[in-house]
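One-letter residues, chain by chain:
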Amino acid sequence: MTDTLTAPDALTRLGWTDTDALHTTGTTPARVVVHHGTVCDVLRPEADGTLTAHTAPVTPALPVTPVAGDWVELGPDGRVHAVAPRRAVLTRSAAGHGRQTLAANIDTVLVVVPLAGGLNAAMVERLSVMAWDSGAQPVLVLTKSDTTDDAGAEDTQAAEHLSPGVPVIPVSVLTGHGLDTLRAHLGPGTTAVMLGPSGAGKTSLLNALEGTTEAVAAVGRAGGRHTTTTRRLHLLASGGVLLDIPGIRSLEVAAGPEAVDDVFTDIAALAARCRYGDCGHDGDGGCAVVEAARTGDLSPDRLATWRKLQGEIAYRRRREDPAEMADLRRQWKAVSKQARRNGRR
């Protein structure tokens with residue numbers, strides 16, 4: 001892969017911004033396309049502005065595992081010797097515990113949700129929380145708008161309510177509807193990542209944006225399967241950089257309470273009117289949130305999703321804190337022991 005640019009523009013073409021930093025020994029930083037095993041595929045600007053691809057082994061003692069979007073330093077031996085501090089990262093819950101970093105140094109998260117079969121409100125809310133938690137700007141992309149009667153207009157209005165403050169763009173790869181609007185969010189120096197489930201049409205969307213022919217796997221009766229098995233970095237004709245990551249199998253949210261508040265601004269505003277400052281909105285007296293759900297001012301489904309998210313965040317926090325998890329196990333053992341005693345009476 002080779003692109004020729006003027007030297008001052010080469011780093012910008014890779015998505016370098018004034019906020020990126022790398023403490024190097026004078027070498028030009030490279031950007032990670034994908035990390036697999038013990039090596040990384042990277043793109044690096046040369047002195048003449050040419051972007052060249054390299055396969056770079058990772059130094060065994062490297063304290064951070066590189067991911068797509070990372071800025072790294074290559075040593076004289078061609079190995080990755082340093083990873084720059086990350087300014088915004090997209091993460092998800094990892095198997096077992098903790099978080100897995102999916103992409104680094106991103107400016108925009110394209111939350112890709114399909115409209116075929118109707119708008120999935122819970123998917124919009126959950127993926128929006130993940131996007132806000134990254135520190136980047138979410139943009140909600142509603143694919144397959146051609147499957148609706150009004151090109152997604154009604155679903156757009158509903159999505160704007162579900163994720164306040166997020167631009168919502170209905171698109172169709174068949175008709176081209178919305179593609180120019182989306183390209184405006186992918187300008188020079190911008191790094192974006194697509195976040196969505198398998199079958200949402202992410203690879204088809206990339207093809208439509210670029211006129212490319214990335215392989216798209218067949219979708220059978222059991223649903224979609226992964227069309228992208230590794231994280232990739234695409235240099236877009238609009239000047240931006242797009243990281244394409246695999247579809248999200250699980251919608252378990254790895255995020256903080258602040259990201260939830262960014263999406264559920266209506267509940268956060270109502271919570272300020274609760275009688276108690278630490279109200280859990282789960283049957284407490286004087287709860288303005290529960291009262292709004294009772295009167296219809298707040299959707300009961302939206303409150304139910306908020307409660308599930310809060311429960312997942314609390315569980316993940318306990319799971320990552322050995323002392324808190326041990327205390328929880330002791331509580332469960334005490335409850336179980338008391339229940340057995342009561343059963344023998």
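These lines cover the structure that appears in this document, whether it is placed above or below. Since the model is a prediction, treat every value here as computed from it, not as a measurement.

1. A short note on the overall build of the protein chain
Counting its regular elements, the protein chain contains 10 helices and 14 strands. Split into buried and exposed, the 345 residues of the protein chain put 46% on the buried side. Of the roughly 16,800 Å² that the protein chain leaves accessible, carbon and sulfur atoms contribute 51%.

2. Here we look at the nonpolar core
Counting 37 residues, the largest nonpolar core has Ile106, Val109, Val113, Leu140 and Val193 as the members making the most contacts within it. The element best represented in this core is helix α2 (residues 121–133), accounting for five residues. Valine 109 has contacts with Ala131, Ser134, Ala136, Gln137, Pro138, Val139, Val193 and Leu195, leaving out every residue within four places of it along the chain.

3. Side note on the packing of aromatic side chains
Two aromatic rings are characterised by how far apart their centres lie and by the angle between their planes. Throughout the structure, instances matching the rule amount to one aromatic pair. With centroids separated by 4.8 Å and ring planes inclined at 80°, the aromatic side chains of tryptophan 16 and tryptophan 71 adopt a geometry described as edge-to-face. Taken together, the residues span a long stretch of sequence, with tryptophan 16 in the loop between α1 (7–13) and β2 (30–36) and tryptophan 71 in strand β5 (residues 71–74) at a distance of 55 residues. Overall, tryptophan 71 belongs to the buried group, its relative accessible area being 0%.

4. Focus on the sheet that holds strand β12 (residues 191–195)
Spatial strand order, β11-β10-β9-β12-β14-β13: six strands in an open sheet with mixed pairing. A strand with exactly one partner marks an edge of an open sheet, and here the two such strands are β11 (168–170) and β13 (232–235). The average angle at which neighbouring strand axes cross in this sheet is 25°, direction not considered. Bridging between β13 and strand β14 (residues 241–244) involves four bridges; their strand directions are antiparallel. Opposite arginine 232, over in β14, you have aspartate 244 as the bridge partner. Sheet strands in contact with helix α5 (residues 202–210) are β9 (108–114), β10 (137–143), β12, β13 and β14, and its direction is about 140° off that of β12.

5. As for the environment of proline 60
As for its position among the elements, proline 60 is in the loop between β4 (50–57) and β5. For proline 60 and arginine 79, which are 19 residues apart along the polypeptide, the C-alpha to C-alpha distance reads 9.8 Å.

6. What about α2?
Taking 1.5 Å as the rise per residue, α2 with 13 residues should run 18 Å; its terminal C-alpha atoms sit 18 Å apart, in good agreement. Taken as a whole, α2 has its buried residues at Met123, Val124, Glu125, Arg126, Leu127, Ser128, Val129, Met130 and Ala131. Between the side-chain oxygen of the N-cap and the backbone nitrogen of alanine 122 there are 3.3 Å, and the N-cap of α2 in question is asparagine 120. Note on α2: the residue one or two positions beyond its end, glycine 135, has a positive phi of about 90°.

7. Notes on unusual backbone geometry
Within the chain, alanine 151 stands out as a residue other than glycine whose phi angle is a positive 55°. Here alanine 151 is to be found in the loop between β10 and α3 (153–162). According to the relative accessible area criterion, alanine 151 is partly exposed, its value standing at 34%. Not every positive phi belongs to a glycine, and histidine 281 is a case in point at roughly 55°. Tracing the chain through its elements places histidine 281 in the loop between α7 (265–271) and α8 (288–295).

Procedures and definitions
Residues numbered from 1 in each chain as written. Predicted model: local features only at pLDDT ≥ 70, side-chain atom pairs only at ≥ 80, totals over all residues. Heavy atoms only, no water. Helix = DSSP H or I, 4+ residues; strand = E, 2+ residues; numbered from the N terminus. Buried < 20%, exposed > 50% of the residue type's maximum accessible area, 1.4 Å probe, protein only. Areas by Shrake-Rupley, 256 points an atom, 1.4 Å probe, with all protein chains shown as cover. Core = buried A, V, L, I, M, F, W, Y, C linked by side-chain atoms within 4.5 Å. Contact = heavy atoms within 4.5 Å. Phe/Tyr/Trp six-rings, centres within 6.5 Å; stacked < 30°, edge-to-face > 60°. Pairing = 2+ DSSP bridges. Axes fitted to C-alpha atoms, helices over the stretch in contact; angles between N-to-C directions. Expected span 1.5 Å × (residues − 1). Polar contact = N/O pair within 3.5 Å; in protein donor to acceptor, adjacent residues only side chain to side chain.

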